[in-house]
Amino acid sequence: MALKVGVIVPQGWRMDLVGIADPVEAYETMTRVAQEAEALGFDSIWLFDHFHTVPTPTQEPTFECWTSTAALARDTKRVRIGQMVSCNSYRNPALLAKMASTVDVLSHGRLDFGIGAGWYEHEYNAYGYPFPDGPTRLRQLRDAVRIIKSMWTDEEAVFEGKFHQVRGAINQPKGAQKPHIPLLIGGGGEKVTLKLVAQYADACNIGHLDNEGLARKFAIIKDHCEEVGRDYNEIRRTVLFNCAIAETDEEALAKSEYYKRNIPSGRLREQALVGTPDAIRKRLVEIEQAGAQELIIFLQDAAQLTSLRLFAQECLAKQS
């Protein structure tokens, strides 16, 4: 079975719309990439949930995740659309469940709902959100996913948690997909996050690991599933990789300079997709063998469309 492949749509937060001065043109560039990805046969498109550029805040345009999700859902027809991932701290979970239900209907049932505990302290501080410690954010996430799933399945959601409460919340319509919108939890924390995946998620996302690391994370999810009595095969396994693809290895390496800041020295080939189409195809086989079912790629130069088209023509079409 060949990997499904999704792509991150340029949104501004990783300087992938830099140089486009007109905000309307910047947004339309994002739309063109989404529509081109759909036309080329990608399975899904994804947006990050950030308010400004990362890791260095700048004045470059950065489009908000959920309003953009809604707009792109109407600008496309086939491709699935999701978040990589929504920050739980930024929106009340009952409201977020309602937003997702609305987007699922207006997309005719193409939404993948991604959520995580949040991590970017500067952004929390800049926008006035409290930034509790990691264990607290994970407990908040646990409350949130329970509320969200209740909002999607129960006539009236009732939940009394330490961090969130709902008392008879009605959510109609609940979405177009049955039994409910797929819920993806992003993150690799082995004791808590991956256990939350086993307990509540329909999909997981693990990012930027080598083959051995991916296999380890999936094995831990499987162990957690056994502990909680869940069928491991119910959970769709997705992975996220930065990608630099070009006709020559030299060109690909030149494109990959942006990614090196987040990858240990000497690990670029193992923890990112860098190289010619032939090299990338070999890595796709390895990633699937490690246990992944869907690959989501970030192309720093996606706005120019050339890399997007090259990946589709040489990697999507030639998976065996």
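Cut-offs used in this document
Residues numbered from 1 in each chain as written. Predicted model: local features only at pLDDT ≥ 70, side-chain atom pairs only at ≥ 80, totals over all residues. Heavy atoms only, no water. Helix = DSSP H or I, 4+ residues; strand = E, 2+ residues; numbered from the N terminus. Polar contact = N/O pair within 3.5 Å; in protein donor to acceptor, adjacent residues only side chain to side chain. Contact = heavy atoms within 4.5 Å. Buried < 20%, exposed > 50% of the residue type's maximum accessible area, 1.4 Å probe, protein only. Pairing = 2+ DSSP bridges. Right-handed = clockwise from strand over helix to strand, strands pointing away. Expected span 1.5 Å × (residues − 1). Salt bridge = Lys/Arg side-chain N within 4 Å of Asp/Glu carboxyl O. Axes fitted to C-alpha atoms, helices over the stretch in contact; angles between N-to-C directions. Parallel < 35°, antiparallel > 145°, perpendicular 65-115°, else oblique. Left-handed = near helix turned anticlockwise from the far one by under 90°. Nonpolar A, V, L, I, M, F, W, Y, C, P; charged D, E, K, R; others polar.

Labelled according to an unreviewed UniProt entry, the protein chain appears under the name LLM class F420-dependent oxidoreductase, originating from Ktedonobacter robiniae.

> Would you mind showing me how to read the side chain of Asp-210 here?
Note on placement: Asp-210 falls in the loop between strand 9 (203–207) and helix 7 (211–228). In this structure the side chain of Asp-210 is engaged in a polar contact, spanning 2.7 Å, whose partner is the backbone nitrogen of Gly-213. When residues no more than four places from it in sequence are discounted, the contact partners of Asp-210 are Arg-267, Glu-270 and Gln-271.

> What exactly am I supposed to notice about the pairing of strand 2 (residues 44–47) here?
Looking down a regular strand, the side chains alternate between one sheet face and the other. Where burial is concerned, the two faces of strand 2 agree: the one with Ser-44 and Trp-46 and the one with Ile-45 and Leu-47 are both buried. Examined bridge by bridge, strand 1 (residues 4–8) and strand 2 share three bridges and lie parallel to one another. The residue of strand 2 that forms the bridge with Gly-6 is Ser-44. For the crossover that starts at strand 1, traverses helix 1 (residues 23–40) and ends in the parallel strand 2, the hand is right-handed. Where strand 2 and strand 3 (residues 80–83) come together, four bridges link them in parallel fashion. Paired with Ile-45 across the strands is Ile-81, a residue of strand 3. The parallel pair strand 2 and strand 3 is bridged by helix 2 (residues 65–75), and the resulting crossover is right-handed.

> Quick question: what am I supposed to make of helix 1 here?
An α-helical turn contains 3.6 residues, so a residue and the one three or four places further along point in the same direction. Taking 1.5 Å per residue as the helical rise, helix 1 with its 18 residues ought to reach 26 Å, and the 26 Å between its terminal C-alpha atoms agrees with that figure. Buried within helix 1 we find Ala-26, Tyr-27, Thr-29, Met-30, Thr-31, Val-33, Ala-34, Glu-36, Ala-37 and Glu-38. Buried-residue contacts for helix 1 involve strand 1, strand 2, helix 2 and helix 11 (306–316). Measuring from the backbone nitrogen of Val-24 back to the side-chain oxygen at the start of helix 1 gives 3.0 Å, which picks out Asp-22 as the cap.

> Please clarify how the pattern of salt bridges should be interpreted in this entry.
Where side chains of opposite charge bring their charged atoms close, a pairing between them can arise. What the rule picks out here adds up to 19 salt bridges. Note that Arg-167 and Glu-160 form a salt bridge whose closest N and O atoms lie 2.6 Å from each other. Accessibility classification places Arg-167 together with Glu-160 in one group, the exposed group. A salt bridge links Arg-267 to Asp-210, with the nearest nitrogen and oxygen atoms 2.3 Å apart. Of this pair, Arg-267 sits in the loop between helix 8 (249–255) and helix 9 (268–271) while Asp-210 is found in the loop between strand 9 and helix 7, placing the two residues 57 residues apart along the sequence. A residue is classified by how much of its surface remains accessible, and Asp-210, at 18% relative accessible area, is buried. Among the ionic contacts, a cluster of salt bridges with common partners joins Arg-80, Asp-112, Arg-236 and Glu-294.

> Can you walk me through the packing of helix 1 against helix 2 in this structure?
To describe two helices that pack against each other, one gives the angle between their axes and the distance between the axes. At their nearest, the axes of helix 1 and helix 2 sit 10 Å apart, and the two run at 50 degrees to each other. Judged by the angle between their axes, helix 1 and helix 2 are oblique. Handedness of the helix 1/helix 2 crossing: right-handed. Across the interface between the two elements, Tyr-27, Met-30, Thr-31, Ala-34 and Gln-35 from helix 1 touch Ser-68, Ala-71, Leu-72 and Asp-75 from helix 2. Tallied by class, the residues present in the contact of helix 1 with helix 2 amount to five nonpolar, three polar and one charged.

> Help me understand unusual backbone geometry, please; the structure alone is not making it clear to me.
The bulk of non-glycine residues show a negative phi, and the bulk of peptide bonds are trans. The omega angle of the peptide bond from Met-84 to Val-85 is -10 degrees, so this bond is cis rather than trans. In this fold, Val-85 is placed in the loop between strand 3 and strand 4 (86–87). Omega for the peptide link from Lys-178 to Pro-179 comes to 0 degrees, which places this bond in the cis form. As for its placement among the helices and strands, Pro-179 is situated in the loop between strand 7 (165–169) and strand 8 (183–186). Positive phi values are uncommon outside glycine, yet Met-15 reaches one of about 60 degrees. With a phi angle near 60 degrees, His-108 is a residue other than glycine that sits in the positive phi range. Structurally, His-108 is set in the loop between helix 3 (93–106) and strand 5 (111–116).

> How should I be thinking about the environment of Ser-89 in this particular structure?
Counting through the fold element by element, Ser-89 comes out in the loop between strand 4 and helix 3. Sequence-wise, Ser-89 and Ala-117 are 28 residues apart; in three dimensions their C-alpha atoms are separated by 7.1 Å. Sequence-distant contacts of Ser-89, that is, excluding residues within four places in its chain, are made with Ala-117, Tyr-124, Tyr-129 and Gln-140. In terms of polar contacts, Ser-89 uses its side chain to reach the side chain of Tyr-124, at 2.6 Å.

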